[in-house]
Amino acid sequence: MHHEELIGKVQVLAHLPDRNTAERAAHAVVSTLSERLPAGLARHVAAQLPPDMAAAMREATGRSGTGSGATGERFGLTAFAGRVADRAGTDEETALRDAVAVLEVLDAALAPELTERMAGALPADIRELLPVGRAAEYT
């Protein structure tokens, strides 16, 4: 999926007013997701994203100190929402709504086996943000 298509889908799904807001939300979610996923998995996800999204994931992985490690940071939904909100410049409720949209777009953009691995690596509370079918596989 190309960058413009990804951002356009996020904007529509999250009912965002413009592309800049959608881009900010998408970057905030992928960066935070990258911090939570095991480093190797985050690199695989980044490899299937448009270059600027991939760069946001790689940058966050390096910042979290897990660039070469096997395990991402351990945090739950509250911390996830807070980090996304901080990065996107919004409140936590809006951050969660935007995260649902971004994760739905990622679910469609990534190889199915990669999204399955990603879902399996997330704690149950964050996994609830995934599209209904994907989240249900792990409950």
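All figures in this text were calculated on a predicted structure; none of them were measured in a lab. (Residues numbered from 1 in each chain as written. Predicted model: local features only at pLDDT ≥ 70, side-chain atom pairs only at ≥ 80, totals over all residues. Heavy atoms only, no water.)

## What to know about the overall build of the protein chain
Scanning the protein chain for helices and strands turns up 9 helices and 0 strands. Counting from the amino terminus, helix and strand elements in the protein chain follow one another as α-α-α-α-α-α-α-α-α. Counting the 139 residues in the protein chain, one finds 50% classified as buried. Pairs at least 24 residues apart make up 67% of the contacts formed inside the protein chain by residues separated by at least 6 positions. Accessible surface for the protein chain amounts to roughly 6,400 Å². Of this, 52% is attributable to carbon and sulfur atoms. (Helix = DSSP H or I, 4+ residues; strand = E, 2+ residues; numbered from the N terminus. Buried < 20%, exposed > 50% of the residue type's maximum accessible area, 1.4 Å probe, protein only. Contact = heavy atoms within 4.5 Å. Areas by Shrake-Rupley, 256 points an atom, 1.4 Å probe, with all protein chains shown as cover.)

## Observations concerning a negative patch on the surface
A contiguous patch of negative charge, built from Asp86, Asp91, Glu92 and Glu93, is present on the exposed surface. Tracing the chain through its elements places Glu93 in helix H6 (residues 92-109). (Patch = residues over 30% accessible without salt bridge, like charges linked within 9 Å, V, L, I, M, F, W, Y side chains within 5 Å. Salt bridge = Lys/Arg side-chain N within 4 Å of Asp/Glu carboxyl O. Lys, Arg positive; Asp, Glu negative; His and termini not counted. Charge placed at Lys NZ, Arg CZ, Asp CG, Glu CD.)

## Observations regarding the side chain of Ser34
Tracing the backbone through its elements, the reader meets Ser34 in helix H2 (residues 19-36). What makes Ser34 buried here is its relative accessible area of 0%. Excluding residues that lie within four positions of it along the chain, Ser34 makes contacts with Ala42, Met57, Ala60 and Thr61.

## Considering the packing of H2 against helix H5 (residues 77-88)
Orientation of H2 relative to H5, taken along the N-to-C sense of each, is 140°, at an axis distance of 8 Å. Comparing their axes, H5 and H2 come out oblique. Where H2 crosses over H5, the handedness of that crossing is right-handed. Mapping the contact onto sequence places Arg24, Ala25, Ala28, Val29, Ser31, Thr32, Leu33 and Glu35 in H2 and Phe80, Arg83, Val84, Arg87 and Ala88 in H5. (Axes fitted to C-alpha atoms, helices over the stretch in contact; angles between N-to-C directions. Parallel < 35°, antiparallel > 145°, perpendicular 65-115°, else oblique. Left-handed = near helix turned anticlockwise from the far one by under 90°.)

## Re the nonpolar core
Within soluble globular proteins, side chains that are nonpolar tend to cluster in buried spots. Core analysis: the biggest nonpolar cluster contains 43 residues, and Leu37, Val45, Leu49, Met57, Phe80 and Leu106 have the highest contact counts within it. Elements with a minimum of two residues in this core: helix H1 (3-14), H2, helix H3 (39-47), helix H4 (51-63), H5, H6 and helix H7 (112-121). (Core = buried A, V, L, I, M, F, W, Y, C linked by side-chain atoms within 4.5 Å.)

## With respect to the environment of Leu16
Relative to the helices and strands, Leu16 is located in the loop between H1 and H2. Along the sequence, Leu16 and Asp98 sit 82 residues apart, while their C-alpha atoms lie 8.5 Å from each other. Leave out the neighbours within four places in its chain, and Leu16 touches Val10, Gln11, Thr21, Ala22, Ala25, Arg97 and Asp98.

## Describing the packing of aromatic side chains
Within a pair of aromatic rings, the relevant descriptors are the distance that separates the centres and the angle that separates the planes. Inspection of every chain in the model, using the stated rule, returns 0 aromatic pairs. The cationic tip of Arg36 hangs over the ring face of Phe75; the distance from NZ or CZ to the ring centre is 6.0 Å. (Phe/Tyr/Trp six-rings, centres within 6.5 Å; stacked < 30°, edge-to-face > 60°. Lys NZ or Arg CZ within 6 Å of the ring centre and 35° of its normal.)

## Description of the pattern of salt bridges
What the rule picks out here adds up to 6 salt bridges. For Glu5, the salt bridge identified is with Lys9, shortest N-O distance 3.4 Å. Separated by 4 residues within a single helix, Glu5 and Lys9 lie in helix H1, roughly one turn from each other. Its relative accessible area of 37% is what places Glu5 among the partly exposed residues. Between Glu73 and Arg83 there is a salt bridge; the shortest N-O distance is 2.9 Å.

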